[in-house]
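Analysis of the macromolecular model
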Amino acid sequence: MSGAALGLEIVFVFFLALFLLHRYGDFKKQHRLVIVGTLLAWYLCFLIVFILPLDVSTTIYNRCKHAAANSSPPESSNITGLYATATPVPSQHPCFKPWSYIPDGIMPIFWRVVYWTSQFLTWILLPFMQSYARSGGFSITGKIKTALIENAIYYGTYLLIFGAFLIYVAVNPHLHLEWNQLQTIGIAAANTWGLFLLVLLLGYGLVEIPRSYWNGAKKGYLLMKTYFKAAKLMTEKADAEETLEDVMEEVRKVNESIKYNHPLRKCVDTILKKCPVEYQEKMGRNMDDYEDFDEKRNAYPSEKSLVKLHKQVIYSVQRHRRTQVQWQILLEQAFYLEDVAKNETSGTCQFVHTFQSPEPENRFIQYFYNPTIEWYWECLLRPWFYRILAVVLSIFSVIVVWSECTFFSTTPVLSLFAVFIQLAEKTYNYIYIEIACFLSIFFLSICVYSTVFRIRVFNYYYLASHHQTDAYSLLFSGMLFCRLTPPLCLNFLGLTHMDSSISHQNTQPTAYTSIMGSMKVLSFIADGFYIYYPMLVVILCIATYFSLGTRCLNLLGFQQFMGDNDMTSDLVDEGKELIRREKRKRQRQEEGENRRREWKERYGHSREDSTRNRNVHIDPKESNFSDISTNRSASKYTRSNNRNERDRIELLQDAEPLDFNAETFTDDPLESESGRSFLYPPFRYQPGGRYLSMSRSRIFDDV
């Protein structure tokens, strides 16, 4: 099993990152470099989280083996203090190799490659790719030039800070730094920036994640929040449509002014390819209008303005597509939550859907997740499951907050994570150690990463599911993950007292902390910022619990969902009305399709019979002259009758119900009766299965 666990986790984490990227990104439309860069960043960050528990168990085994080799039983009785608890007497607890043991020399190389690759991505490559992806240039050279110009200030700031630091070191005679120390200072600077952002995101996630599950168990809470989202999304959707119309109008003017013989026509063609198909058909270029642009003094747009217009087209089209998809997804969620609310009062114990899913469900799912099981889960079990999960997550949050405030205390050990690890270390229960480490760091990662997926910075950064995230947001999320993961792992090692700079013990460090170097070079960071700044998570948790950030955003004009707010109530009512209109519209569509299907099934056989009778003929060799004349006369009248019958059937099938807008719909049955003549064709049923027109002249009034 040596190294097998490492290989399995490497493969598993790769498919996990690929699955998440497929959910948020679009492999078909987005650039391959964007997909590869984001996938690599996510993969490396998730890999660090999953591999770190193996590093901890391997380090504990190496400590035991080192203590057994360098100490004898008589000398071991003189060992006192915390070091004795960290390395028990070998004669009482023999060291045995864990199942996931990683051979010496592999983990340091592995961590070094993973860490420096992630740092190269987050500080150099991904910022450059962000500017490249948002550039409106028409060539690779133009996009690279734009990206370098936009990142000049970004890179120049870092060079200025690093240069000032080098000058300070050169002037100060008491400082003599070597290359390893400079490397450690660079790592400390990156981790300090990451820890600053980490505590902010962690304080929000520790409170918001348990509260979201607790509120999800309340009746009507999710439905009200969905109504609120519908009202806000409709406003954003209308704004996106208006922005797209304005941009397409600019494209139309440019398309009309720049003809095919203009040198910038290739740029216009590139812009047209990024427009939606319906606009491309409207703005098809006029090849017959030949104009010599040199002989006219028209004001043609410059290449710089076309680059700007190209950038606007990419942004507006992507935003319009995203709002359209999100609106359809939100409608499905609202319809389903309304079905849940209706089925909660049902006594049949059968979950009834208002609309059937357009995609056929798997037979396996239909068999095990039938309407009865769905009713018990949605109406009875799911609220209780969410409540239990919220309580468990709240306990984890309390443990994290307590440990963040007390992990610097080594005598006595107050951090609960350190207590759990040291109890398992006494018996060398490596399975328990790895499970405890994995659950702890996994919960911390969920609190931080979920906040990254939830936050939205206007329309510049927004991770939207169902393949609707743009390239800029994907790359920005990769940058955040690469900057947050190293300080997150160091913070976890500090909580468990596996970091020697925190525990102040002369023990073998983990392979991960060994590549970070000794933080004693910067004592004010190692002994000050890393120790006391995480205590700020208490204040952030209190602020999140009382929704201070949400209230501040409401005061600034950014409407947030709050139950005790009048504006929230108005938006909920508006969203409820929007969902009701969309529900009526879909019901009318389904009713129309059902009527068409019924008419086709009912009268399709009559058409087939009439067609079959028309093809029937009599063989003249098997009948006499009188029979032939009789059959001819009968056949003539039969064909005439069949033709009349066929005309009536075709007229009936062509007269389908007309669709109408939601604004003309009314719930009043009297109004629906008065307007029935506009919805159904004026036919009167006669005995014998025939429909006769009551007003033949009105049928063709619109022809």
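Under an unreviewed UniProt entry, the name given to the protein chain is G-protein coupled receptor-associated protein LMBRD2 isoform X1, and the organism recorded is Vicugna pacos. The Sequence similarities (unreviewed entry) field of the UniProt record for the protein chain holds the comment "Belongs to the LIMR family." In its Subcellular location (unreviewed entry) section, the UniProt entry covering the protein chain states "Membrane".

All right, on to the nonpolar core then. By size, the foremost hydrophobic cluster in this structure holds 95 residues, and its most contacted members are Trp42, Trp111, Leu206 and Tyr512. Considering each element in turn, this core owes the most residues, 20 residues, to helix 2 (residues 32-70). If we skip the residues at most four places from it in the chain, Trp111 touches Ile48, Ile51, Leu52, Asp55, Ala511, Tyr512 and Ile515. Within the second largest apolar cluster, 18 residues are counted, among which are Val247, Met248, Ile271 and Cys275.

Take the side chain of Lys583 next. Among the secondary structure elements, Lys583 is positioned in helix 23 (residues 566-614). Not counting the four nearest positions on each side in its chain, Lys583 is found in contact with Phe335, Glu338, Lys342, Thr354 and Phe355.

On to the pattern of salt bridges, then. Within this structure, the stated rule accounts for 13 salt bridges. Arg322 is the partner of Glu236 in a salt bridge, and the nearest nitrogen-oxygen pair spans 3.3 Å. Of this pair, Glu236 sits in helix 9 (residues 221-257) while Arg322 sits in helix 12 (residues 303-344); the two residues are 86 residues apart in sequence, bridging distant segments of the chain. On the basis of relative accessible area, Glu236 is assigned to the buried category, the value being 13%. Taking relative accessible area as the criterion, Arg322 reaches 5% and is therefore assigned buried. Two residues, Glu256 and Arg252, come together in a salt bridge whose shortest N-O distance is 2.8 Å. Linking Glu256 with Arg252, this pair stays in helix 9, spanning 4 residues, or about one helical turn. Salt bridges here are not isolated pairs; linked through shared partners, they connect Glu236, Arg322 and Arg456.

Throughout the structure, instances matching the rule amount to 36 aromatic pairs. Between Trp111 and Tyr512, the ring centres sit 5.1 Å apart and the planes meet at 80 degrees, which makes this aromatic pair edge-to-face. Taken together, the residues Trp111 in helix 5 (residues 106-134) and Tyr512 in helix 19 (residues 511-516) connect sequence positions 401 residues apart. With respect to burial, Trp111 and Tyr512 carry one shared label: buried.

Moving on to a nonpolar patch on the surface. On the surface, a cluster of nonpolar side chains totalling about 650 Å² of accessible area is made up of Phe364, Ile365, Tyr367, Phe368, Tyr369 and Ile373. At 4 residues, the largest contribution of residues to the nonpolar patch is made by helix 13 (residues 363-368). Structurally, Ile373 is set in helix 14 (residues 371-406). A relative accessible area of 38% places Ile373 in the partly exposed class.

Next up on the list: a negative patch on the surface. A cluster of like negative charges, contributed by Glu242, Glu245, Asp246 and Glu250, occupies part of the molecular surface. Tracing the backbone shows Glu250 in helix 9.

What the rule picks out here adds up to 3 cavities of 30 Å³ or more. In this structure, the largest cavity spans a volume of roughly 80 Å³. Here the residues of the lining of the largest cavity sort into 2 nonpolar, 5 polar and 3 charged. Around the second largest cavity, the lining is made up of 10 residues, and of these Arg63, Gln422, Glu425, His497 and Gln505 lie nearest the centre. Residues belonging to the lining of the second largest cavity are distributed by class as follows: 4 nonpolar, 4 polar and 2 charged.

As a further point, take the state of the cysteines. Scanning the entire structure with this criterion turns up 0 disulfides. Its sulfur unpaired, Cys379 is 8.8 Å from the next cysteine sulfur, which belongs to Cys349. What makes Cys379 buried here is its relative accessible area of 12%.

What follows deals with the packing of helix 10 (residues 265-274) against helix 12. Two numbers describe how helix 10 lies on helix 12: the axes approach to 9 Å, and their chain directions differ by 10 degrees. With respect to helix 12, the axis of helix 10 lies roughly parallel. Judged by residue contacts, Cys267, Thr270, Ile271 and Lys274 of helix 10 engage Leu306, Leu309, His310, Val313, Ile314 and Val317 from helix 12. Residue composition of the contact of helix 10 with helix 12, grouped by class: 7 nonpolar, 2 polar and 1 charged.

In contact at an axis separation of 7 Å, helix 8 (residues 179-216) and helix 14 are set at 160 degrees when each is read in the N-to-C sense. Classed by the angle they form, the pair helix 8 and helix 14 counts as roughly antiparallel. Considering only the axes of helix 8 and helix 14, their crossing is left-handed. Only Arg382, Tyr386, Arg387, Leu389, Ala390, Val391, Leu393, Ser394, Ser397, Val400, Val401 and Glu404 of helix 14 make contact with helix 8, whose side of the interface consists of Leu202, Leu206, Ile209, Pro210, Tyr213, Trp214 and Gly216. Residues belonging to the contact of helix 8 with helix 14 are distributed by class as follows: 13 nonpolar, 3 polar and 3 charged.

So, about helix 15 (residues 416-427). Taking 1.5 Å as the rise per residue, helix 15 with 12 residues should run 16 Å; its terminal C-alpha atoms sit 18 Å apart, in good agreement. All buried positions along helix 15 are accounted for by Phe417, Ala418, Ile421, Gln422, Ala424 and Glu425. Here the buried residues of helix 15 occupy an arc of 165 degrees about the axis, which is enough to place them on one side. Tyr428, located one to two residues past helix 15, shows a positive phi value of around 55 degrees.

Reading the values: rules and limits
- Residues numbered from 1 in each chain as written.
- Predicted model: local features only at pLDDT ≥ 70, side-chain atom pairs only at ≥ 80, totals over all residues.
- Heavy atoms only, no water.
- UniProt positions renumbered as here; feature names shortened; annotations may be inferred.
- Core = buried A, V, L, I, M, F, W, Y, C linked by side-chain atoms within 4.5 Å.
- Buried < 20%, exposed > 50% of the residue type's maximum accessible area, 1.4 Å probe, protein only.
- Helix = DSSP H or I, 4+ residues; strand = E, 2+ residues; numbered from the N terminus.
- Contact = heavy atoms within 4.5 Å.
- Salt bridge = Lys/Arg side-chain N within 4 Å of Asp/Glu carboxyl O.
- Phe/Tyr/Trp six-rings, centres within 6.5 Å; stacked < 30°, edge-to-face > 60°.
- Patch = residues over 30% accessible without salt bridge, like charges linked within 9 Å, V, L, I, M, F, W, Y side chains within 5 Å.
- Areas by Shrake-Rupley, 256 points an atom, 1.4 Å probe, with all protein chains shown as cover.
- Lys, Arg positive; Asp, Glu negative; His and termini not counted.
- Charge placed at Lys NZ, Arg CZ, Asp CG, Glu CD.
- 1 Å grid on protein atoms, 1.4 Å probe; cavity = no way out; pocket = protein on both sides within 12 Å on 5 of 7 lines; lining within 4 Å.
- Points joined across faces, edges and corners; volume = space filled by probe spheres on them.
- Nonpolar A, V, L, I, M, F, W, Y, C, P; charged D, E, K, R; others polar.
- Disulfide = S-S within 2.5 Å.
- Axes fitted to C-alpha atoms, helices over the stretch in contact; angles between N-to-C directions.
- Parallel < 35°, antiparallel > 145°, perpendicular 65-115°, else oblique.
- Left-handed = near helix turned anticlockwise from the far one by under 90°.
- Expected span 1.5 Å × (residues − 1).
- Arc of directions from axis to C-beta.

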